[in-house]
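Overview (structure and organization)
Okay, here's what each chain looks like letter by letter:
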Amino acid sequence: MQMGLAALKASDAAAKHMIIISDGDPSPPMPALLKEFKAAGVSVSTVVVAPHQDRDALIMKQIAGATGGRFYFPANPAQLPSIFIKEAKTLRRNLIQNVTFT
């Protein structure tokens, strides 16, 4: 997550968003790192697949919640493509600006 944040901070992209797919088993990020994501305007959506414990899914949900992202816990891994399509459409919609200009 630290490497992804560094790359997104250096990017001039209008929307900065990360999608993490995991079983939730790796060590959770420190609260300070999640604050850095929020301060940098980087949202994180998480997709948990086959977690070992309920706690692992909860950690993934907390990451998404702390950064303004969405949490997914698909019952079937075949749902993954539709999740990524949904995330892409949501980001694209956020880039459309309806403003008057001269």
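Here is what the cut-offs are and how they apply
Residues numbered from 1 in each chain as written. Predicted model: local features only at pLDDT ≥ 70, side-chain atom pairs only at ≥ 80, totals over all residues. Heavy atoms only, no water. Helix = DSSP H or I, 4+ residues; strand = E, 2+ residues; numbered from the N terminus. Buried < 20%, exposed > 50% of the residue type's maximum accessible area, 1.4 Å probe, protein only. pLDDT = per-residue confidence, 0-100. Contact = heavy atoms within 4.5 Å. Salt bridge = Lys/Arg side-chain N within 4 Å of Asp/Glu carboxyl O.

**Structural notes on the environment of Ala 15**
- For Ala 15, the position within the fold is in the loop between helix H1 (2-10) and strand E1 (16-22).
- Exposure remark for Ala 15: the relative accessible area of 28% places this residue in the partly exposed category.
- A sequence separation of 27 residues divides Ala 15 from Val 42, and the C-alpha atoms of the two residues are 7.8 Å apart.

**Overview of the confidence of the model for the chain**
- Chain-level statistics for the chain give a pLDDT mean of 87 and a share of 89% at 70 or above.
- Helix H4 (residues 80-95) is the least confidently modelled element of the chain, averaging 74 in pLDDT, while strand E3 (residues 71-72) averages 96, the highest of any element.

**A look at the side chain of Ser 45**
- Of note, Ser 45 is situated in strand E2 (residues 42-48).
- In this structure Ser 45 comes out as buried when scored by relative accessible area, which is 0%.
- The contact partners of Ser 45, leaving out residues within four places of it in the chain, are His 17, Met 18, Ile 19, Ile 20, Gly 69, Arg 70, Tyr 72 and Glu 87.

**Here's the deal with unusual backbone geometry**
- Phi is positive for Ala 50, which is not a glycine, with a value near 50 degrees.
- Looking at the secondary structure, you find Ala 50 in the loop between E2 and helix H3 (54-67).
- Residue Ala 50 is classed as exposed on the basis of its relative accessible area, which comes to 55%.

**Thoughts on the pattern of salt bridges**
- Per the counting criterion, the structure on display carries three salt bridges.
- Among the ionic pairs, Arg 55 bridges to Asp 56, the shortest N-O distance being 3.8 Å.
- Asp 56 gets classed as buried once you look at its relative accessible area, which sits at 1%.
- With its nearest N and O atoms 2.8 Å apart, the salt bridge here joins Arg 70 to Glu 87. Highlighted residues: Arg 70 in the loop between H3 and E3 and Glu 87 in helix H4, separated in sequence by 17 residues.
- On the accessibility criterion, Arg 70 (28% relative accessible area) is partly exposed.

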